[in-house]
Amino acid sequence: MYDFVVVGAGPAGSRFARQAADAGYDALVLERGRVGTPLACSGHVSTDIWAFTPDGARDHLLQNEIYGARFHVGGPDSPEHPFYKDTVVSNVIDRVGLDRTLARAARDAGADVREDHTVTDVVEHGEYVAVTASTPDGTETFRGKMVVGCDGPVSRVRRELGLPEPGEKLQGVLGFALDAHSGNFVDVHLTAPKFFAWRIPRGEAGVEYGLAAPPGKSARDLFDRFTAEYDVETDHFCAGMIPIGPPPRVTAHRGFLIGDAAAQTKPFTGGGILYGMTAADHAVRTVDPDDPGTLADYERAWRTDLKNEIRLGHWVRRAYSLPESVQSVGLRAMSGEIGVHMDRPSSFFSTEHLRKLLRRA
């Protein structure tokens, strides 16, 4: 009997398992394939990422440092509106390496991390949860006091526990050009319906191109047109769903969700690595596997921490659907040096950012 059976060894699952093991809990992690594959997420993250990784991780995961973003209403030839700092704003990292580093840290802390274990059934009982998985040695059932769904936007755990779906799921696509690029600005194009396309320089690792679009739009066709405008051919094409809008409930009787499974993501970028790991830390601090009543404490903790950022993120995203003329005027007026944190839209109202705006007035 484990204290926690964690389904999914992405950043949220591995972070939870590591912290739970450090707190003295027995944690089992089941990953359906090999940790880190298939890739379905960008590696552009805030510098806060290093607070969640083992010592020395930055040395082998960092690919590039980013100082700002150039926003475009149209394609590559359209006017650019730069937003920047004189210090590093964000980092580009080896995304597969991040997953493997975090899973290794969970193992080192004492968690039992097993690859090639595909969960096929989850059943809550009064005192435990039975989690059945297809393994290299056949079907096996594991028992835990709690099950933790960290299995992404199309979560099996969420479905088996009867928990509600995220408010929305976008189609995200990525591709990579392998020629080295030493630039330190991201390009953001407000050309994808209700979202955007991006170009991220990854140093010696090349350049990442991607976009997200709502259901009903062909994200692959939009991506092909976007990369054609840059006159590049991409390799290692990846695709995945991006959940937007947490459901009203992410806890059941003896189970709960973290990360993309709970849609703990930024509505204005789709990124969820930092939000998911933040929620994982809240879960370790609040959930007692012997007391299902503590799941309510987890719901309160993560929502109190992230709800304002998520709500403001929805407002930021609405700007993506404004008429091009309005977007252009707004970008021209707001561009320049900023004091905004990429994970916290509330920082738009910070003293630092307001001071930057007043200097341009």
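Quick look at the structure, then. (Residues numbered from 1 in each chain as written. Predicted model: local features only at pLDDT ≥ 70, side-chain atom pairs only at ≥ 80, totals over all residues. Heavy atoms only, no water.)

Concerning the nonpolar core
Argument step 1. With 50 residues, the main nonpolar core has F4, F16, V131, F256, I258 and Y298 as its most contacted residues.
Argument step 2. Counting 24 residues, the second-largest nonpolar core is a separate cluster that includes F83, V92, L174 and F196. (Core = buried A, V, L, I, M, F, W, Y, C linked by side-chain atoms within 4.5 Å. Buried < 20%, exposed > 50% of the residue type's maximum accessible area, 1.4 Å probe, protein only.)

Here we look at the sheet that holds strand β6 (residues 81-84)
Argument step 1. The strand order across the open sheet built from 8 strands is β16-β12-β15-β14-β13-β5-β6-β18, with neighbouring strands paired in mixed fashion. Edge positions in the open sheet fall to β16 (235-244) and β18 (336-337), since each of these has one partner strand only.
Argument step 2. Bridge count for strand β5 (residues 68-72) against strand β13 (residues 185-189) is 5 bridges, and the pairing is parallel. Considered in β13, the bridge of H72 is made with H189.
Argument step 3. Set on the sheet, helix α5 (residues 219-229) makes contact with β12 (168-177), β13, β14 (197-201), β15 (207-213) and β16; between it and β15 the angle comes to about 140 degrees. (Pairing = 2+ DSSP bridges. Helix = DSSP H or I, 4+ residues; strand = E, 2+ residues; numbered from the N terminus. Contact = heavy atoms within 4.5 Å. Axes fitted to C-alpha atoms, helices over the stretch in contact; angles between N-to-C directions.)

Thoughts on α5
Argument step 1. Those residues of α5 that sit buried are A219, L222, F223, F226 and T227. Taken around the axis of α5, the buried residues stretch over an arc of 130 degrees, which confines them to a single face. Residues of α5 that are exposed and angled more than 90 degrees away from the buried face: R225 and A228.
Argument step 2. Of the surrounding elements, those touching the buried residues of α5 are β12, β13, β14, β15 and β16.
Argument step 3. A positive phi of about 55 degrees marks D231, the residue just after α5. (Arc of directions from axis to C-beta.)

A closer look at the sheet that holds strand β4 (residues 62-66)
Argument step 1. Spatially, 3 strands are ordered β3-β7-β4 in an open sheet, and the strand pairing comes out antiparallel. Where the open sheet ends on each side, the last strands, each with one partner, are β3 (44-46) and β4. Pairwise comparison of adjacent strand axes, ignoring direction, gives a mean angle of 35 degrees for this sheet.
Argument step 2. Here 4 bridges tie β4 to strand β7 (residues 90-93), and the two strands are oriented antiparallel to one another. Residue pairing for β7: L62 is matched across the bridge by I93.

A few points about helix α6 (residues 273-286)
Argument step 1. Compared with the 20 Å implied by 1.5 Å per residue over 14 residues, the 20 Å span of α6 between its first and last C-alpha is a close match.
Argument step 2. Most of α6 is tucked away: 12 of the 14 residues are buried.
Argument step 3. Three or more residues of α6 are buried, namely I273, L274, Y275, G276, M277, T278, A279, A280, D281, H282, A283 and V284.
Argument step 4. Of the surrounding secondary structure, the elements contacted by the buried residues of α6 are α1 (11-22), β3, α3 (95-109), β17 (255-257) and α7 (295-318). (Expected span 1.5 Å × (residues − 1).)

A short note on the side chain of Q264
Argument step 1. Along the chain, the position of Q264 falls in the loop between β17 and α6.
Argument step 2. Polar side-chain contacts of Q264 include one of 3.2 Å to the side chain of Y298.
Argument step 3. If near-sequence neighbours (up to four positions away) are discounted, Q264 is found in contact with L257, I258, G259, G272, Y275, G276, A279, Y298 and W302. (Polar contact = N/O pair within 3.5 Å; in protein donor to acceptor, adjacent residues only side chain to side chain.)

Here's the deal with the pairing of β6
The side chains of a regular strand alternate, residue by residue, between the two faces of the sheet.
Argument step 1. Of the two faces of β6, the one holding H81 and F83 is buried and the one holding P82 and Y84 is not buried anywhere.
Argument step 2. As paired strands, β5 and β6 are joined by 4 bridges and run antiparallel to one another. Within β6, the residue paired with F71 across the bridge is H81.
Argument step 3. Where β6 lies against β18, 2 bridges are found, and the strand directions are parallel. Counted as the bridge partner of F83 is G336 from β18.

Details of the pairing of β7
Argument step 1. Across the two faces of β7 the burial is the same, with S90 and V92 and N91 and I93 all buried.
Argument step 2. With 3 bridges connecting them, β3 and β7 associate as antiparallel partners. Within the sheet, the bridge partner assigned to H44 lies in β7 and is V92.

Notes on the pattern of salt bridges
Argument step 1. All chains considered together, the criterion is met by 21 salt bridges.
Argument step 2. Its salt-bridge partner being R158, residue E165 comes within 3.1 Å of it at the nearest N-O pair.
Argument step 3. Residue classification places E165 among the partly exposed positions, given a relative accessible area of 40%.
Argument step 4. Residue R158 is classed as buried on the basis of its relative accessible area of 1%.
Argument step 5. When the shortest N-O distance is used, the salt bridge between D343 and K266 registers 2.7 Å. Placement of the pair is D343 in the loop between β18 and α9 (351-360) and K266 in the loop between β17 and α6, with a sequence separation of 77 residues. The pair formed by D343 and K266 is uniform in burial state, with each residue classed as buried.
Argument step 6. It is possible to trace a salt-bridge network through shared partners that takes in D3, K145 and D290. (Salt bridge = Lys/Arg side-chain N within 4 Å of Asp/Glu carboxyl O.)

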